[in-house]
Amino acid sequence: MKKTTLSHLQQLKQQRQKITCLTAYDASFAQAIDQAGVNIILVGDSLGMVIQGHASTLPVSVEQMIYHAQNVQRACKQALLLVDMPFMSYASVDKALHNATRLMAEGLAEMVKIEGGDWTLDIIHALSQRGIPVCAHLGLTPQSVHQLGGYKIQGRATEQAQHIAQQALAVEQAGASLLVLECVPAPLAKHISQQLKIPVIGIGAGQDCDGQVLVLYDILNISAGKKPFFSQDFLQSTGSIQGAISAFVTAVKNQQFPTDAHCIG
Ligand code: KIV
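Here's what I pulled together on the structure shown here. Since this is a predicted model, take the numbers as computed values, not measurements.

## Brief notes about the site of the ligand
Within the structure, the ligand sits among T23, L42, G44, D45, S46, D84, K113, H137, I203 and V215. Side-chain polar atom of D84 to an oxygen atom of the ligand: 3.0 Å apart, as the coordinates give it. At 2.8 Å from an oxygen atom of the ligand is found a side-chain nitrogen or oxygen belonging to K113. Alone, the ligand offers 260 Å² of accessible surface; in the complex the protein occludes 95% of this. Here the shell around the ligand is composed, by residue class, of three nonpolar, four polar and three charged.

Given below as structure tokens:
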């Protein structure tokens, strides 16, 4: 299998073929995901919750992201390696340039992900102008959990939905190459996916995004705590880790996942 590039992801969007993305934090799971043909492996700062057991992603450091990215990268042969910039590591343009450089040069990330809208535009511009591909992340942005008052659905009210749609256009114009949309109503995600030229990857954002991302431990049903409404246990029906990952890929590609039960109307 050929290495996934940005232009390949763009092509998949144009051809209306769904893009798949799963999180990984170590080489063994990364290898299983890579071999199943998943397009993007995300070293998510969700590792703060599923690996480290914290209540949020906020305690995760740049050092830890680099460590996990290095482990995943060694097994990532065909998937594009996307790495989260952790909380406050991109609070200014200078900080973002410094830390994204580390994630790319030491962690061997091929794209970095940052959460937030308006205030990130300068940062997205600065990184992308210097050859660092950026994935923006809008809707429910877990690093802002305390400001949002919990892990809540975003964009239900018309005004908030319009604001998210404006931010989506703005991050694209600033230079983002990809957008993750989390926990927003399906009609809003559909509208944004149609408006944007860049691929939109949804999580709890309905069937009409250009692709889907889930946390690996959620599809294996081994995450502690409350199960997110937008995820599905793919292990139960398949009986093996490799089977579960392949079933996720097939279900997304064939548009059998997500179903209405995983979406906000
Ligand atoms: O950190 C993460 O795993 C993420 C996904 C939930 C999109 O950002």
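## What to know about the pattern of salt bridges
For the coordinates displayed, the defined rule picks out five salt bridges. We note a salt bridge from D210 to K13, for which the minimum N-O separation is 2.8 Å. With D210 in the loop between β7 (200-203) and β8 (211-214) and K13 in helix α1 (residues 6-14), this residue pair connects regions lying 197 residues apart in the sequence. In this pair, the class of D210 matches that of K13, namely buried. The network of salt bridges with common partners includes E63, R102 and E106.

## Some remarks on the packing of helix α4 (residues 62-73) against helix α5 (residues 93-105)
The N-to-C vectors of α4 and α5 enclose an angle of 20 degrees; their axes lie 9 Å apart at closest approach. If you check the angle between α4 and α5, you find them roughly parallel. Between α4 and α5 lies a crossing whose hand is right-handed. Across the interface between the two elements, V62, E63, M65 and I66 of α4 pack against N99, R102 and L103 of α5. Its residues assigned to classes, the contact of α4 with α5 shows four nonpolar, one polar and two charged.

## Looking at the side chain of E172
Structurally, E172 is set in helix α8 (residues 158-174). It is K197 that comes nearest to the buried, bridge-free E172 among opposite-charge side chains, at 4.4 Å. In terms of polar contacts, E172 uses its side chain to reach the backbone amide nitrogen of K197, at 2.6 Å. In this structure E172 touches L196, K197 and I198, once residues within four positions along its chain are discounted.

## Some details on the packing of aromatic side chains
By the definition in use, this model includes seven aromatic pairs. One aromatic cluster in this structure is built from Y25, F29 and Y217.

## Side note on the packing of helix α6 (residues 121-129) against α8
Packing of α6 against α8 leaves a shortest axis separation of 8 Å and a crossing angle of 30 degrees. In terms of their interaxial angle, α6 and α8 are classed as roughly parallel. As α6 runs across α8, the sense of the crossing is right-handed. Where α6 abuts α8, its residues L121, I124, H125 and S128 lie against A170, V171 and A174.

## Comments concerning α4
Between its terminal C-alpha atoms α4 stretches 16 Å, which fits the 16 Å expected from 12 residues at 1.5 Å a residue. Residues of α4 that are buried in the fold lie against α2 (27-35), β2 (40-43), α3 (47-50), β3 (80-84) and α5.

## Overview of the environment of P185
Positionally, P185 belongs in the loop between β6 (178-182) and α9 (186-195). For P185 and A205, which are 20 residues apart along the polypeptide, the C-alpha to C-alpha distance reads 5.9 Å. Beyond its immediate sequence surroundings of up to four residues, P185 is in contact with Q154, G155, R156, I264 and G265.

## Overview of helix α12 (residues 241-253)
Think of an α-helix as turning once every 3.6 residues; residues three or four places apart then point the same way. The first and last C-alpha atoms of α12 sit 18 Å apart over 13 residues, in line with the 18 Å expected at 1.5 Å per residue. Among the residues making up α12, those that are buried are G243, A244, I245, F248, V249, A251 and V252. Those residues of α12 that are buried are in contact with β1 (19-23), α2, β8, α10 (216-219) and α11 (235-238). Two or three places before G243, at the start of α12, stands the capping residue S240, its side-chain oxygen 2.9 Å from that residue's backbone nitrogen. Q255 lies just past α12 and shows a positive phi near 60 degrees.

Calculation rules
Residues numbered from 1 in each chain as written. Predicted model: local features only at pLDDT ≥ 70, side-chain atom pairs only at ≥ 80, totals over all residues. Heavy atoms only, no water. Near = heavy atom within 4 Å. Polar contact = N/O pair within 3.5 Å; in protein donor to acceptor, adjacent residues only side chain to side chain. Areas by Shrake-Rupley, 256 points an atom, 1.4 Å probe, with all protein chains shown as cover. Nonpolar A, V, L, I, M, F, W, Y, C, P; charged D, E, K, R; others polar. Salt bridge = Lys/Arg side-chain N within 4 Å of Asp/Glu carboxyl O. Helix = DSSP H or I, 4+ residues; strand = E, 2+ residues; numbered from the N terminus. Buried < 20%, exposed > 50% of the residue type's maximum accessible area, 1.4 Å probe, protein only. Axes fitted to C-alpha atoms, helices over the stretch in contact; angles between N-to-C directions. Parallel < 35°, antiparallel > 145°, perpendicular 65-115°, else oblique. Left-handed = near helix turned anticlockwise from the far one by under 90°. Contact = heavy atoms within 4.5 Å. Lys, Arg positive; Asp, Glu negative; His and termini not counted. Phe/Tyr/Trp six-rings, centres within 6.5 Å; stacked < 30°, edge-to-face > 60°. Expected span 1.5 Å × (residues − 1).

Note that every value here comes from positions in space, so none of it alone points to a role or purpose.
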